[in-house]
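Take a look at the letters that make up each chain.
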Amino acid sequence: VSQSRYNMALQLCLPQQTTTRTKEGKKKEMTHWHEKAACRGLGPDLFFARRGENKTQDPYHHAKQLCARCTVATECLQTALRIEENPQMGRHGLYGGKTPDQRADIARQQRRQVA
């Protein structure tokens, strides 16, 4: 349930426009960061750990390896942080190579810097 709600929010945050115009007025296709993601096309199971599963290894181990090689992990993380500003969304899954607890720490640090 939380993963599908998160996907809906993610769609709201991603740019909807797929073309733009150059200075000369020519159409130019835009490539959005999520189209370059290393996880593109993979199912959500890798990024949403199940409670109580595999206590000997980090449940996000394989996902973190994928995120570490991803060229758009920063954009993914920033989008997750923006979505999670809404307290109703909660923090679930691995985004931008960061766990929910790590993203909560980042959000706290960002709020302190603003204050």
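Higher on the page you've got the structure.
Asks: Quick question: what am I supposed to make of the pattern of salt bridges here?
Replies: It is possible for side chains of opposite charge to pair when their charged atoms get near one another. One pass over the full model with this rule turns up four salt bridges. Note that Arg108 is salt-bridged to Asp105, the shortest N-O span being 2.3 Å. With a gap of three residues between them, Arg108 and Asp105 both fall in helix H4 (residues 100-114), about one helical turn apart. When salt bridges that share partners are traced, they join Glu84, Arg91 and Arg103 into one network.

Asks: How do you make sense of helix H2 (residues 61-68) when you look at a structure like this?
Replies: Three or four residues apart is the spacing at which side chains of an α-helix point the same way, because the helix has 3.6 residues per turn. Burial in H2 covers these residues: Ala63, Leu66 and Cys67. Seen along its axis, H2 keeps its buried residues to an arc of 100 degrees; they face one direction. Those residues of H2 that are buried lie in contact with helix H3 (73-83).

Asks: How do you make sense of H4 when you look at a structure like this?
Replies: Compared with the 21 Å implied by 1.5 Å per residue over 15 residues, the 21 Å span of H4 between its first and last C-alpha is a close match. Along H4, the residues classified as buried are Pro100, Arg103, Ala104, Ile106 and Ala107. One face of H4 carries all of its buried residues, which in axial projection span an arc of 160 degrees. What points out from H4, more than 90 degrees from its buried face, is the exposed set Asp101, Arg112 and Gln113. Considering only its buried residues, H4 is in contact with H3.

Asks: How should the packing of aromatic side chains be read in this particular structure?
Replies: Working definition: an aromatic ring pair is given by the centre-to-centre distance plus the angle between the planes. Within this structure, the stated rule accounts for one aromatic pair. Ring geometry for Phe48 against Tyr95: centres 5.9 Å apart, planes inclined by 80 degrees, an arrangement best described as edge-to-face. Here Phe48, found in the loop between strand E2 (27-29) and H2, pairs with Tyr95, found in the loop between H3 and H4; they are 47 residues apart in sequence, far enough to count as distant. Take Phe48 and Tyr95: they sit in the same class, and that class is buried.

Asks: Which parts of the structure should I look at to understand the side chain of Thr99?
Replies: Tracing the backbone shows Thr99 in the loop between H3 and H4. Judged by relative accessible area, Thr99 falls into the buried class, the value being 14%. Apart from residues no more than four positions distant in its own chain, Thr99 is found in contact with Tyr60, Lys64, Gly93 and Leu94.

Asks: So what exactly am I meant to see when it comes to the packing of H3 against H4 here?
Replies: Two quantities define a packed helix pair, namely the angle between the helix axes and the distance between the axes. In the contact formed by H3 and H4, the axes pass within 11 Å of each other and the chain directions differ by 75 degrees. When the interaxial angle is binned, H3 and H4 end up roughly perpendicular. Residue-level inspection shows Leu77, Gln78, Ala80 and Leu81 of H3 in contact with H4, the latter providing Arg103, Ile106, Ala107 and Gln110. A breakdown of the residues in the contact of H3 with H4 according to their chemical character gives five nonpolar, two polar and one charged.

Rules behind the numbers
- Residues numbered from 1 in each chain as written.
- Predicted model: local features only at pLDDT ≥ 70, side-chain atom pairs only at ≥ 80, totals over all residues.
- Heavy atoms only, no water.
- Salt bridge = Lys/Arg side-chain N within 4 Å of Asp/Glu carboxyl O.
- Helix = DSSP H or I, 4+ residues; strand = E, 2+ residues; numbered from the N terminus.
- Buried < 20%, exposed > 50% of the residue type's maximum accessible area, 1.4 Å probe, protein only.
- Arc of directions from axis to C-beta.
- Contact = heavy atoms within 4.5 Å.
- Expected span 1.5 Å × (residues − 1).
- Phe/Tyr/Trp six-rings, centres within 6.5 Å; stacked < 30°, edge-to-face > 60°.
- Axes fitted to C-alpha atoms, helices over the stretch in contact; angles between N-to-C directions.
- Parallel < 35°, antiparallel > 145°, perpendicular 65-115°, else oblique.
- Nonpolar A, V, L, I, M, F, W, Y, C, P; charged D, E, K, R; others polar.

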